[in-house]
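Fold and geometry: a report
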Amino acid sequence: MRYVVIGAGAIGGTIGGRLAQHGHEVVLVARGAHADRLRAQGLQLLTPAGPVEVHAPVASSPAEVELTADDVLVLAVKVQDAAGLLADWAAAPVDGPGGPTAGRVLPVVCAQNGVEGERLALRWFRRVVGACVYLPASHLEPGVVVSEGAPVSGGLVLGRYPAGRDEVVGRIAADLAGAGFATAVSDDVMAAKRGKLLDNTGNAVDAVCRPGAGCEELREAARAEGAAVLAAAGTPALDRALALPRLAELGFRTAEVAGSGRPGSSSWQSLHRGGSVETDWLNGEVVRLGREQGLATPVNEALQALADRSVREGLGPRAFGAEDVLALADRLTAPTTGLGG
């Protein structure tokens, strides 16, 4: 199988880079300066064991890739950027002009945080594979991805969406295992992704808050709100230890990479680059579920609002203190009156 990695950033660059390093056919899909650097010099994958140079075909759109029936699409962009890309790739012909579309015949692997990517993908693709990704990595410089996982690059739990497994999922998991990842196949991959969602509620704290007193308490409060709404919705969340015990067996950890320190979470990296941030699909997912279940989620709502403000006003990462989040959370819990109130 050939892997077409749509979004060769931190996650996609690590997955695509390791697969290519271990002899698999890979196409790296990127845009702008990152794509230019990949074409000119290849991908520099910096790891705890040393740098790896990866040279693989690079594309910036479906029009630049001749898809075949043996391709697997790996969607590794943030969820907020996914809808348009899914529609474009789903419409691409397979095996030449006039052939079936990718949405009809090719599997798409949603290697993203949150739980919305798979639901989006199912609008355009018949074969959707969920992937719960445990993979510490950074992408702040064109052509360079820092992969900090050791002794493996990371772990992935894979399964068909909405549920089940098939031969293709097993083959993808085996290819990834052979390329330096811990993998597992699950009949309920979304339970693992909901567990990861709870972990990711803390990304916004790292992104919008200055380090200091109160930050750890905010993380705990955001996670507790998430756990409460998932329980109320009757949707179980599986933590990493149960979803992928192989990582603990291996002593998986985030390790130092020579010449690079881990700057922050994926949300911190997004604010640092001046782009959009996935908080609406992480903390915002908790807020959405809370509203459906009639449960207040003021900490997640405050974090979502301040992340949005950071993007809209160009404030960059860590523009607020924990006290700002708590003050806004208090205001959000105050009674309000609507029209006619």
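For the structure, see preceding data.
This one's a predicted model, so the numbers in the text were calculated from it and none came from an experiment. (Residues numbered from 1 in each chain as written. Predicted model: local features only at pLDDT ≥ 70, side-chain atom pairs only at ≥ 80, totals over all residues. Heavy atoms only, no water.)

Some points on the pairing of strand S8 (residues 127-134)
Of all eight residues making up S8, seven are buried, and the element is well covered by its neighbours. Note: strand S7 (residues 107-111) against S8, five bridges, orientation parallel. Bridging from a neighbouring strand, Val109 pairs with Val129 of S8. (Buried < 20%, exposed > 50% of the residue type's maximum accessible area, 1.4 Å probe, protein only. Helix = DSSP H or I, 4+ residues; strand = E, 2+ residues; numbered from the N terminus. Pairing = 2+ DSSP bridges.)

Structural notes on the sheet that holds strand S5 (residues 58-59)
Pairing in this open sheet of eight strands is mixed, and the strands run S5-S2-S1-S6-S7-S8-S12-S13 from one edge to the other. Each edge of the open sheet is held by one strand with a lone partner, namely S5 and strand S13 (181-185). Across five bridges, strand S1 (residues 2-6) lies against strand S6 (residues 71-75) in parallel orientation. Across the sheet, Arg2 pairs through a bridge with Asp71, a residue of S6. Taken strand by strand, helix H1 (residues 10-21) contacts S1, strand S2 (26-29), S7, S8, strand S12 (154-160) and S13, and its axis lies near 160 degrees from that of S2. (Contact = heavy atoms within 4.5 Å. Axes fitted to C-alpha atoms, helices over the stretch in contact; angles between N-to-C directions.)

A short note on the pattern of salt bridges
Throughout the structure, instances matching the rule amount to 19 salt bridges. Between Arg119 and Glu116 there is a salt bridge, with the nearest N and O atoms lying 2.8 Å from each other. Under the relative-accessibility criterion, Arg119 is labelled partly exposed at 34%. In this structure, Asp187 engages Arg165 in a salt bridge whose closest nitrogen and oxygen atoms are separated by 2.9 Å. Placement of Asp187 in the loop between S13 and helix H7 (189-200) and of Arg165 in the loop between S12 and helix H6 (167-178) is noted, with a sequence separation of 22 residues between them. Judged by its relative accessible area of 42%, Asp187 falls in the partly exposed class. Three or more residues joined by partner-sharing salt bridges are found here, namely Glu116, Arg119, Glu285, Arg288 and Glu292. (Salt bridge = Lys/Arg side-chain N within 4 Å of Asp/Glu carboxyl O.)

Side note on the packing of helix H9 (residues 215-233) against helix H13 (residues 279-293)
Packing of H9 against H13 leaves a shortest axis separation of 9 Å and a crossing angle of 45 degrees. For the element pair H9 / H13, the angle class is oblique. Taken as a pair, H9 and H13 cross one another with a handedness that is left-handed. Listed contacts from H13 to Glu225, Gly226, Val229, Leu230, Ala232 and Ala233 of H9 are Val286, Leu289, Gly290 and Gln293. A class-by-class count of the residues in the contact of H9 with H13 yields six nonpolar, three polar and one charged. (Parallel < 35°, antiparallel > 145°, perpendicular 65-115°, else oblique. Left-handed = near helix turned anticlockwise from the far one by under 90°. Nonpolar A, V, L, I, M, F, W, Y, C, P; charged D, E, K, R; others polar.)

Concerning unusual backbone geometry
For the peptide bond that leads from Ala150 to Pro151, omega is 0 degrees, which places it in the cis range. Its place among the elements puts Pro151 in the loop between strand S11 (149-150) and S12. In this model, Tyr161 is joined to Pro162 through a cis peptide bond whose omega is 10 degrees. Topologically, Pro162 is positioned in the loop between S12 and H6. Within the chain, Asp95 stands out as a residue other than glycine whose phi angle is a positive 60 degrees. Position of Asp95 among the secondary structure elements: in the loop between helix H3 (82-90) and helix H4 (102-105).

Any functional reading would require information beyond the geometric quantities listed.
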